Structures are given as structure tokens and as C-alpha cells.
Amino acid sequence: MKKLSTYTILLTLLFHFPFSHSLAQTPKEKGLQAIDENTVASTITYLSSDWMEGREAGRPGAYRAAEYLASMFEFMGLEPAGDVVNGKSTYFQSFDVLEYKASEKQHFSVKNGRGQEFTFANHTDFEVKASPNSVNGKGNLIFVGYGIQVDSLDYNDFYKKELKGKIWVRLKGVPTEGKIGNSMKDIPLKQIHKLKEQLASRYGALAVIEIEPDGNLPQHAHNVPFRDNRKYYEGDKPLSSFYDTRLYSPVTEVSTIPPLFMGGEYLMASLIEQGEINAYKASLNTGKLHKVNLKATSATFKANSDVERKRVRNVLAKIEGTEPDSLVMIGAHYDHLGKREGYIWNGADDNASGVAAILGIAKAAKATGVQPKKTMLFAAWTAEEKGLHGSKNFLRTFENKSKIKMYLNFDMIGRRGDWHSKDNQVSFIYNAENPSTWDINAENIEKYNINLEMFDGKTKQGEAGGSDNVNFDKEGIPFFWYHTGGHEDYHQVSDHADKIMMDKAAEITKLSYLTIWDIAQ
Ligand SMILES: [Zn+2]
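Residues numbered from 1 in each chain as written. Predicted model: local features only at pLDDT ≥ 70, side-chain atom pairs only at ≥ 80, totals over all residues. Heavy atoms only, no water.

Student: I'm lost on the coordination of the zinc ion in this one. Help?
Tutor: Angles at a metal have ideal values that depend on geometry: 109.5 degrees with four tetrahedral donors, 90 or 180 degrees with six octahedral donors. Only His333 (NE2), Asp350 (OD), Asp411 (OD) and Asp411 (OD) from the protein coordinate the zinc ion, and they sit 2.0 to 2.7 Å from it. Between the 4 donor atoms coordinating the zinc ion, the angles at the centre fall across 52 to 147°, so the site counts as irregular. Positions of the donor residues of the zinc ion, expressed as sequence spacing, correspond to H-x16-D-x60-D. With His333 in strand S17 (residues 327-333) and Asp411 in the loop between strand S21 (404-410) and strand S22 (425-431), this residue pair connects regions lying 78 residues apart in the sequence. (Donors = N, O, S within 2.8 Å, 3.2 Å for Na, K, Ca; no water. Tetrahedral: all angles 85-135°; square planar, octahedral: opposite > 155°, others 65-115°. Helix = DSSP H or I, 4+ residues; strand = E, 2+ residues; numbered from the N terminus.)

See below:
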């Protein structure tokens, strides 16, 4: 009898006070409940709608997106952490950038061994990637393969070559086969472009002429709509690529990046035999690269750029901690590639998905009902796509960098990446010097039953790539970030909200909230 009555009491208690409400839910758990699929789906859908016009930094779509983000931060009760205007704090941090665009007038000609000179036509035989300066030059040509160097694999396109002051003939992309191909296949395209550009600059190339290894149509012909998708367009209007402009900070030094010409088949045919390219590719994994003979010996070029000044804005908001001398930052870039001639690069995965995560974390942190120990500073970065400018500008002007104990970054968290074999996989990139980040994250997956499988993306300081975390890494600030990987819609007009795995983005938002909340204590 006694036993039974205890049971009855217990049952009654359970009935009246359901487990999830009564049994001392922690603030952290309360926060977790604030995040669900709708939390992220609403932001992703709105930011990647056509009305945002691809959120290109400095253009109306990005201004609209920033207003929306500021209003959401305000709505959720976060304090403004941007510029002080007329004595009042705002959610915006404004700064200027210079936007460069390749001019219509360009010149590229080559001379062969017999002294014959061939002049090529802009938009027909080549396209020019805009440089911060107009550059003229004349020099001998040299073949540099893919123009990469991977010391750990003993791969070096530059081995024993006189590179300085020469005009480089370079293959587009990276090797795709063998050991070297394997090592490069997970690296985002953007990072590869950057690496190749840095190497060309470091080794003193006068200019670079890039050609397609398989001899196909040039990707940059004038009626080709998208840099990485040359198919299907049959319109009669010329379409330019989103890479036709570049942004630079007015305070950076004069750039020494060599001008880049992207050559079509006609130009390629005057430079190199297809057989030579094939022989080169075949030699990639033999340990001894085929020595390529070029048909042309020298080139003359004029690479001209136009410039305009633009004002761009970061959006910054905070939740003050009880110990505000330490802070954690949570950031994602909200800018994308804009619109051109009727096409809009909506950027749902890149990076409306990441912005949704930071709003989700802000919502959860407020829902805890308590103040974190460390201040949580939220940043929606501008102009990431054209050089990580938003985060760079923030760090350049932020007075107390040593207060920043951790930076959490998001860039593309809504898809199944090309190299993932399961839907729930996500790369977790963090400093090797801070292994505890991985452990905290792993504990939260376990404890809160998060449906995600992590890829260990440990990086050493100075080797971080890809997104705004690079700028934090340069300052020695530890970071971690979530990234679901590249896919066929990456930087295409087809990066739409209907392709986003909202449930996955929500799981990543939950997990990142749990982890950064722990770190903020
Ligand atoms: Zn991105």
C-alpha cells in the first residue's frame, strides 16, 4: 500500500509538472529551445529573395539586408555596437572601399620566334581581371603549369625557373589527378584563386595569362553568363561575370598583384600546342614535370582599370556580459555577388545560411534569460566576397583586440558538400592550438543529441583559409567555424533557398549556440 501511494504521488506530480518545464531547466537549455527550423528558414528565405538583389557590398540590396539585420538585432533586444553618430550608438559600422573594374580598353599581343606579332581582342580572345592599378608591360613568356607549389607533396611548378619579370602562361584550376589532385580537391575555388594570385605576386610575375588545360571554350567569353557555368546561355546581350569588379581598401598599400588575362582558344593556340599541355598533365604524378615549349616568346600588354569609391557597412550588435572585459564574437558575411543584366546571385547558402545562424544564436542567448559572463558581440560582415573587407576593417579599428577570446564564424552551412558522403556531415574548422574547442563541441553533440557528424578541420595559425576567420587568425585570435562545403551552385545564380537543408542549418545553429555559450561562460 505504502509503495503504491508513493507511486501515485509521483505520477500526480509528473502529470501536473511535465518534465521539461519543471525539473530545473538550465538557462542554456532554455536558449536551445529558441532555435528551430523556422528560425533559420525565415532569415535564409528573406535574405536570398530577389528583393535583396544579391546583397552586393555598396549596392542597394546590401543596404536593405543590413537594415533588416539591424532591425532584427534591435527586435531581439541586443544593444547596438556600431558607429556612434551624433552621440548615439548605431548598429552600423561604415567604411569606404575602392571598387575596380576592368576598362573596355585593353591590349594583349604576343611575338613568336620569327618576330611576328599577333594582337588579340578584349572580350573575344581574352578577358582581364581588374587590378587596383592600370599596368602596362612587356616581357618574355614562361610556362608555369598550374602555378602552384605544395612542399609537403614535393610538388613545385616553379622549380628552377626564372620567374621574376616574366609573363606567366598558367593553366586554369589545379591538378585533378593523383596525389597532388587528391590534396587539392577539397580546397574551395576561391581559395585556390587567392593562393595562385599570391604565388604570382611573391615570385614577381609581370602579368599572368591563364588558359584552359583541356582546350575548351574560354569560360570568360563575353556571352558566357557565369564564370563557372558556361552552359545554356543563348541571349544576345553580353553578360559579364561577377568577378569583373574588385574591392580594395583605400588605406592598403599599392597592390603588386600582377594583372591577370584569361585567354580563349585562339590566344591559347598562339601560345602553346595542346600536345604540350597533355604531356605536362601526364607528367604530374611522375615526380618529373614535362618541360613545356611555348610557341610564342614574348608578350606586350596594357591592363586598364576604372575605379570608384563605395561606402559599405558592417552590422554590429552585442549582449553585454557580466565580465565585459572579455568577449566572444559571432560573425558571418551577409554580402554576396549582386546582380548583372537580369541575373541575381541570391546567395542562399553563401551566406544567408550563416547569417541565419548568428541571428539564431542571438535569439537563443536572449532566451536563456541570463547574462553571459563574456560579452557576446555579433557581426554581420560586408564585402567578404571581394576580399574579407568587413572583418578586416573591424579589426583594424577595434581598440581592444586582446579582449576577444574567441571568434565563431559561419560561411555556407546549408548544403551537403561535394566531398561529403552523408547529409549530416559538416566541417568543423578550428585552431590546432585550441583543441578544447573540438572537445566542447563534441560534448554538446553527445549531450544534446545533435544530428551532425563533424569533420575534424584542425588548422595551424597562419594556415586558416576561406572566410572572415582569416583576419582573426592573423591577429592570433582563436576561432572556429562551421562549413558544409562546396557544391555545384556555389557562386552561381542557382544558389537558392529551396535547395537549403533547413533542418541541417538549424542543427548547426543549435550546436554552435551551445558551444559558444559554453565558451562565453
Ligand atoms: Zn561566403
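Student: Which parts of the structure should I look at to understand the environment of Ala303?
Tutor: Within the secondary structure, Ala303 sits in strand S15 (residues 296-303). We classify Ala303 as buried; its relative accessible area is 3%. Taking the C-alpha atoms as reference, Ala303 lies 49 Å from Ala520; in sequence the two are 217 residues apart. Those residues within four positions of Ala303 in sequence are excluded, and the remaining contacts are Gln106, Val128, Asn133, Ser134, Val135, Asn136, Pro259 and Phe261. (Buried < 20%, exposed > 50% of the residue type's maximum accessible area, 1.4 Å probe, protein only. Contact = heavy atoms within 4.5 Å.)

Student: Even after reading the chapter, I still don't get the packing of helix H4 (residues 37-47) against helix H10 (residues 348-367), so can you show me in this structure?
Tutor: Geometrically, a packed helix pair is captured by the angle between its two axes and the distance between the axes. Two elements in contact, H4 and H10, have axes whose closest approach is 8 Å; the angle formed by their N-to-C orientations is 140°. Taken together, the axes of H4 and H10 are oblique relative to one another. The two elements H4 and H10 meet at a crossing, and its hand is right-handed. Taking contact as the criterion, the partners of Thr39, Val40, Thr43, Ile44 and Leu47 in H4 are, on H10, Ala348, Ala352, Ser353, Val355, Ala356, Leu359, Gly360 and Lys363. Of the residues that constitute the contact of H4 with H10, the class distribution is 8 nonpolar, 4 polar and 1 charged. (Axes fitted to C-alpha atoms, helices over the stretch in contact; angles between N-to-C directions. Parallel < 35°, antiparallel > 145°, perpendicular 65-115°, else oblique. Left-handed = near helix turned anticlockwise from the far one by under 90°. Nonpolar A, V, L, I, M, F, W, Y, C, P; charged D, E, K, R; others polar.)

Student: Explain the layout of surface pockets to me, please; I cannot follow it from the model alone.
Tutor: By volume, the second largest pocket amounts to about 790 Å³. Forming the walls of the second largest pocket are 28 residues, and the residues nearest its centre are Asn156, Tyr159, Lys161, Lys288 and Leu289. When contributions to the lining of the second largest pocket are tallied by element, the ones reaching two or more residues are strand S8 (135-143), strand S10 (155-156), helix H6 (178-184) and S15. Counting residues per element, the lining of the second largest pocket draws most heavily on S8, which supplies 3 residues. Residue classes in the lining of the second largest pocket are distributed as 13 nonpolar, 8 polar and 7 charged. (1 Å grid on protein atoms, 1.4 Å probe; cavity = no way out; pocket = protein on both sides within 12 Å on 5 of 7 lines; lining within 4 Å. Points joined across faces, edges and corners; volume = space filled by probe spheres on them.)

The quantities given are spatial measurements derived from coordinates; they are silent on function.
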